[in-house]
Amino acid sequence: MKWGRAVGHFVMWTAAVACVSPLLSLIVLAFSAQWPFPHLVPSLFTADHLAKLLLSPRLGEAVTTSLELALLTTVATLLLVFPAAKAAGLYSFRGREALKLLALMPVMVPAATVTMGLHYFMIRVGLAGTMLGVVIVHTVFAVPYAFRILMYVFEIMGEQHEEQAAMLGAGPLMVFSAVTLPLVMPGMVAAATMSFVISFSQYITTFIIGGGRLLTVPLLLVPHVQGGELHVASVYSLVFIFTALAALVLLRAVVRHYYRETYFLNP
Amino acid sequence: MKAASKPYLLAAPLVLFLTLTFGLSFGYEISGLTLRHFLAVLWNRDFVVSLVATLSVAAVATLVSNVGGAALAFAMLKARVGGEWVRHILQLPVIMPHLVVTVVVFHIFAQTGVLARLTWWLGFIDDPNQFPLMVFDHFAIGIMLVYLYKQIPFVAMVCFDSLRGISHRFGDVGENLGATPWQVATRVYLPLLKPTLMATALITFAFAFGAFEVPFLLGTPLWRTLPVEAYLLHINIDPDAQARSMAINVIISAISLGLALVYSSALRVVSHVRHSDGERP
């Protein structure tokens, strides 16, 4: 019994170290100035090229575009998914399983495949190279995650709260704003987080539909990986991670501000 | 009050959006293609190599990440710590974009990478070229490492959550009746985990099968995965190449659709069995 516990601890700690060390090595790489082959640690550290890259106008443009795309994708995803997830989570109806399967399809069919097909259509209708076109494609791939999360939240919530409010004389708008929305808010935050992260990390979808007109952080990063310039790539990777984290922390703070902790549904 | 059409009205926008995007995408790819195009693609040796390689990489990544993830979840259960810190650490790889993980794999596993330096210090190699090729290699080790880094913690987290829901009691009963820890794991918890593992296996397989960036950046020049092959033909200005790209994409979509259907019917069987189990006294 005790032996099993020790093995469990060992496996878990190994996994934890394996999970964290990549991020640490990325940070070391971003601050290294010289790091020739046999050395295990850089022979010279510097923040110079970090500062230089951070101040470059291309990075500013890429971060702005990435954030815009991610925000628009999040809003579009939530608007589309919220009612559908409510239907799948609360009501039983013919075609419910089909709806669940359809919402899972973007996970199943490769993003590159769907995007190449849509590319022909978007060229024809003039959506290629536009922000709207890219947001549409990002939204397709954010849907499954947001749908799953919100569906479970609606399942847990049940119908009774809404019915009770309606019985007490609340109109549909009142029920939505005073009962439904506060109750599903934690799910909304989780779904928004996923949508945001998925849009933020898209590469091939943005590249194909954006056609070089929209510059995002992943688009800036990839050529440097291809060219083997890992220094630059590591700096962009850190920007990538920390911009996403900062945006998400901000998003959560804003939501908490509007809906005080007490409103949150405790799981 | 509750009209029968309500769920349909609620679901309509999403259904319309997805059928339109998928329909237009698939429609544009299949229109203009004839049987001749498909035969040309299927007869091509490069395509067959691509297909086999893509499916093999996805299968190996799925097998290793699900076995590893389930084992990690058992270890967490055995260590009896549901601590928040483990969750936070396991969440890190899930959140890390695979592009960033690709950079890290390059940095650690390339022939001049951190691991090669470590083996040099330990005296195993004298020269970077003696370090085994793990990036751009024919066996897709580099590609696989990215998938495993992201997927093992993902599978572990999902399995751990459902194991915790199952509670210790079943395992304790098994142990009291004299089962070894291995028997408890394989005879008690594994069957209970089956629906969870089916879902995670589907997700991990679909991801490894359809990923673009990772094989695009870390793949060998000898063969390409299907999405990368389709993309390189897509950006080719030769109209014949474009048609081949579309044909490959249609084949990819067919495989994905088949996978989804197999999964949904398998899930129905499992949930049916579970329900009938639950009704037993």
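Quick caveat, the model's predicted, so the values are computed rather than measured. (Residues numbered from 1 in each chain as written. Chains lettered and ligands numbered in written order. Predicted model: local features only at pLDDT ≥ 70, side-chain atom pairs only at ≥ 80, totals over all residues. Heavy atoms only, no water.)

**Overview of the overall build of chain B**
- Helix and strand counts for chain B stand at 12 helices and zero strands.
- Starting at the N terminus and walking to the C terminus, you meet the elements of chain B as α-α-α-α-α-α-α-α-α-α-α-α.
- Referenced to the eigenvectors of the C-alpha coordinate spread, the extents of chain B come out at roughly 75 × 70 × 35 Å.
- When burial is assessed residue by residue, chain B has 47% of its 281 residues classed as buried.
- Sequence separation of at least 24 residues holds for 75% of the intrachain contacts in chain B that already meet a minimum separation of 6.
- Chain B carries 18 positive and 15 negative side-chain charges, and their two centres are separated by 11 Å. (Helix = DSSP H or I, 4+ residues; strand = E, 2+ residues; numbered from the N terminus. Buried < 20%, exposed > 50% of the residue type's maximum accessible area, 1.4 Å probe, protein only. Contact = heavy atoms within 4.5 Å. Lys, Arg positive; Asp, Glu negative; His and termini not counted. Charge placed at Lys NZ, Arg CZ, Asp CG, Glu CD.)

**As for the overall build of chain A**
- Each helix and strand counted, chain A has 11 helices and two strands in total.
- Sequence-ordered secondary structure for chain A, helices as α and strands as β, is α-β-β-α-α-α-α-α-α-α-α-α-α.
- Along the first, second and third principal axes, the C-alpha set of chain A runs to 75 × 65 × 35 Å.
- Across the 267 residues in chain A, those meeting the buried criterion constitute 55%.
- Considering only intrachain contacts with a sequence separation of at least 6, the fraction spanning at least 24 residues in chain A is 72%.
- Carbon together with sulfur atoms contributes 69% to the accessible area of chain A, which is approximately 12500 Å² in total. (Areas by Shrake-Rupley, 256 points an atom, 1.4 Å probe, with all protein chains shown as cover.)

**Some details on unusual backbone geometry**
Residues and elements named next belong to chain B.
- Of note, phenylalanine 136 is a non-glycine position whose phi angle comes to about 65 degrees, a positive value.
- Relative to the elements of secondary structure, phenylalanine 136 occurs in the loop between α6 (114–121) and α7 (141–166).
- A positive phi angle, near 60 degrees, is found at alanine 140, a position not held by glycine.
- Here alanine 140 shows up in the loop between α6 and α7.
- With a relative accessible area of 1%, alanine 140 lands in the buried category.

**Section: the confidence of the model for chain B**
- Residues at a pLDDT of 70 or more form 93% of chain B, whose mean pLDDT is 85.
- Across residues 275–281 of chain B the pLDDT falls below 50, and counting only partners more than four positions away or on other chains, this stretch makes zero contacts in the model. (pLDDT = per-residue confidence, 0-100.)

**Here's the deal with the side chain of Ser32(A)**
All names here are of chain A.
- Here serine 32 is to be found in strand β1 (residues 32–34).
- At 2.9 Å, the side chain of serine 32 and the backbone oxygen of leucine 29 are in polar contact.
- In contact with serine 32, other than residues within four places in its own chain, are Pro42, Leu44, Phe45, Thr46, His49 and His231. (Polar contact = N/O pair within 3.5 Å; in protein donor to acceptor, adjacent residues only side chain to side chain.)

**A look at the interface of chain A and chain B**
- Taken together, the 79 residues of chain A in the interface contact 78 residues of chain B.
- Buried surface at the junction of chain A and chain B, summed over both partners, amounts to about 7000 Å²; 81% is from carbon and sulfur atoms.
- The interface formed by chain A and chain B contains zero salt bridges.
- There are 13 residue pairs in polar contact (both at pLDDT 80 or more) connecting chain A and chain B.
- Counting residues per element, the side of chain A that touches chain B draws most heavily on helix α1 (residues 2–31) of chain A, which supplies 17 residues.
- Across the side of chain A that touches chain B, the residue classes tally to 59 nonpolar, 14 polar and six charged. (Buried area = accessible area lost by both parts, 1.4 Å probe. Salt bridge = Lys/Arg side-chain N within 4 Å of Asp/Glu carboxyl O. Nonpolar A, V, L, I, M, F, W, Y, C, P; charged D, E, K, R; others polar.)

**A few points about the packing of aromatic side chains**
Residue and element names in this part refer to chain A.
- Taken as a whole and assessed by the stated rule, the structure comprises 15 aromatic pairs over all chains.
- Plain terms: the ring middles of phenylalanine 82 and phenylalanine 176 are 5.7 Å apart, the flat faces sit at 80 degrees to each other, and that makes the pair edge-to-face. With phenylalanine 82 in helix α3 (residues 57–90) and phenylalanine 176 in helix α8 (residues 172–200), this pair connects stretches of sequence that are 94 residues apart.
- Classification of phenylalanine 82 as buried rests on a relative accessible area of 11%.
- The class for phenylalanine 176 is partly exposed, based on a relative accessible area of 36%.
- Through pairs of rings, three or more aromatic residues link up here, namely Phe82, Phe154 and Phe176. (Phe/Tyr/Trp six-rings, centres within 6.5 Å; stacked < 30°, edge-to-face > 60°.)

**Looking at a nonpolar patch on the surface**
- Together, Leu40(A), Val41(A), Leu118(B), Trp121(B), Leu122(B) and Phe124(B) make up a nonpolar patch on the protein surface, roughly 660 Å² of accessible area in all.
- As for its position among the elements, Trp121(B) is in helix α6. (Patch = residues over 30% accessible without salt bridge, like charges linked within 9 Å, V, L, I, M, F, W, Y side chains within 5 Å.)

**So, the pattern of salt bridges**
All names here are of chain A.
- For the structure shown, the criterion picks out six salt bridges over all chains.
- A salt bridge links glutamate 97 to lysine 100; the shortest N-O distance between them is 3.6 Å. Here glutamate 97 pairs with lysine 100, and both are found in helix α4 (residues 96–108), just three residues apart, close to one helical turn.
- On the basis of relative accessibility, which here comes to 44%, the residue glutamate 97 falls in the partly exposed class.
- Here the salt bridges do not stand alone but share partners, grouping Arg96, Glu97, Lys100 and Glu155 into one network.

**A short note on the domain arrangement of chain A**
Residue and element names in this part refer to chain A.
- The domain architecture assigned to chain A consists of domain 1 (1–46) and domain 2 (49–263).
- Taken together, the contact between domain 1 and domain 2 spans nine residues of the former and nine residues of the latter.
- Taking both partners together, domain 1 and domain 2 bury about 780 Å²; carbon and sulfur atoms supply 76% of that area.
- Contact with domain 2 buries surface across domain 1, with Leu26, Leu29 and Ala30 losing the most and accounting together for 54% of the total.
- Across the contact surface, domain 1 and domain 2 share zero salt bridges.
- Counting across the domain 1 and domain 2 interface gives two residue pairs in polar contact (both at pLDDT 80 or more).
- Only α1 and β1 provide two or more residues apiece to the side of domain 1 that touches domain 2. (Domains from an automatic or database assignment.)

**Digging into the packing of helix α3 (residues 45–79) of chain B against α7(B)**
All names here are of chain B.
- Taken N-terminus to C-terminus, the directions of α3 and α7 make an angle of 40 degrees; their axes are 7 Å apart at the nearest point. When the axis of α3 is compared with that of α7, the two are oblique. α7 is crossed by α3, and the crossing has right-handed handedness.
- When the residues that make up the contact of α3 with α7 are grouped by side-chain class, the tally is 20 nonpolar, five polar and no charged. (Axes fitted to C-alpha atoms, helices over the stretch in contact; angles between N-to-C directions. Parallel < 35°, antiparallel > 145°, perpendicular 65-115°, else oblique. Left-handed = near helix turned anticlockwise from the far one by under 90°.)

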